[in-house]
Amino acid sequence: MRFLVTVSIEMINTTSADPKCRVRCFAPDKVALARAALEQEEETILTLARMYEMLGNRTRLRILLALARQELCVCDVAHVLGLSIAATSHQLRSMHDRGWLVMRNDGKMVYYRLGSTAFREALQQGQDYLEAQVAS
């Protein structure tokens, strides 16, 4: 025996400027609690999103992995990645500004290496936060 269940939902106009879900909310209390919890954590969420955005870039991730092994000058990093010196410097600067890399000058040469703790601490804090949220 087959049963046909029909659910009446308003069609979503994909060209609309308002792309919100138009299906009736079945658990408004749960939605309100989830929304409030996320709003309280917004600063942490933004910080994590920025960190993972930095790590989600293949070039920056390759730079971090190369510098985890050894200190390299900007030119050497550019050669490792097959990038221009300008593009490499831009990526290195963005990670240095976060405290993830340590820079030293030797005459006209600029060398980078993975920071002693800032990068590892950022990763650990992100992991700890996400694990605590998933476990609760």
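Residues numbered from 1 in each chain as written. Predicted model: local features only at pLDDT ≥ 70, side-chain atom pairs only at ≥ 80, totals over all residues. Heavy atoms only, no water.

(A) Representation of the overall build of the protein chain in the model. Within the protein chain, the regular secondary structure consists of six helices and three strands. Counting from the amino terminus, the protein chain carries its helices and strands in the arrangement α-α-α-β-α-α-β-β-α. For the protein chain, buried positions account for 21% of its 136 residues. Taking contacts inside the protein chain between residues at least 6 apart in sequence as the whole, the part at least 24 apart equals 49%. (Helix = DSSP H or I, 4+ residues; strand = E, 2+ residues; numbered from the N terminus. Buried < 20%, exposed > 50% of the residue type's maximum accessible area, 1.4 Å probe, protein only. Contact = heavy atoms within 4.5 Å.)

(B) Structural detail: the packing of aromatic side chains. Taken as a whole and judged by the stated rule, the model has one aromatic pair. The ring of Y111 has R104 lying over it, and the distance from NZ or CZ to the ring centre is 4.5 Å. (Phe/Tyr/Trp six-rings, centres within 6.5 Å; stacked < 30°, edge-to-face > 60°. Lys NZ or Arg CZ within 6 Å of the ring centre and 35° of its normal.)

(C) Highlighting the pairing of strand β2 (residues 101–106). Relative to strand β3 (residues 109–114), β2 runs antiparallel, the two being bridged by six bridges. Following the sheet pairing, V102 is matched in β3 by R113. Taking the residues between adjacent antiparallel strands as the criterion, β2 and β3 are bridged by two residues, where G107 takes a positive phi near 65°. (Pairing = 2+ DSSP bridges.)

(D) Seen up close, the nonpolar core. Of all hydrophobic cores here, the largest spans 21 residues; its most connected members are I63, L64, L67, L92, M95, W100 and L101. Excluding residues that lie within four positions of it along the chain, L67 makes contacts with L72, V77, L92, L101, Y112, R113 and L114. (Core = buried A, V, L, I, M, F, W, Y, C linked by side-chain atoms within 4.5 Å.)

(E) View of the pairing of β3. Looking at chain direction, strand β1 (residues 72–73) and β3 are connected through two bridges and run antiparallel. When the bridges of β3 are listed, C73 appears paired with Y111.

(F) Representation of helix α5 (residues 85–97). With 13 residues, α5 should reach 18 Å at 1.5 Å per residue; the first-to-last C-alpha distance of 18 Å fits that figure. Residues of α5 that are buried include every one of T88, Q91, L92 and M95, and no others. Viewed along the axis of α5, the buried residues span an arc of 95°, placing them on a single side of the element. Set apart from the buried face of α5 by more than 90 degrees, the exposed residues are A86 and D97. (Expected span 1.5 Å × (residues − 1). Arc of directions from axis to C-beta.)

(G) Spotlight on the confidence of the model for the protein chain. Taken residue by residue, the protein chain gives an average pLDDT of 85. The fraction at 70 or more is 86%. Segment residues 5–13: pLDDT under 50, and four contacts once partners within four positions in sequence are set aside and those in other chains are kept. (pLDDT = per-residue confidence, 0-100.)

(H) Quick look at the sheet that holds β3. The antiparallel open sheet is built from three strands, whose spatial order is β1-β3-β2. With one partner strand each, in any of the chains shown, β1 and β2 form the two edges of the open sheet.

(I) Spotlight on the environment of A122. With respect to the helices and strands, A122 occurs in helix α6 (residues 118–135). C-alpha of A122 to C-alpha of W100: the two residues are 22 residues apart in sequence and 8.7 Å apart in space. If we ignore the near neighbours within four places in the chain, the residues touching A122 are M51 and W100.

(J) Quick look at helix α4 (residues 74–81). For α4, the complete set of buried residues consists of V74, V77, A78 and L81. The arc that holds every buried residue of α4, seen down its axis, measures 100°, which confines them to one face. Close packing links the buried residues of α4 with α3 (58–69), β1, α5 and β3. Trailing α4 by a residue or two, G82 shows a phi angle of about 70°, which is positive.

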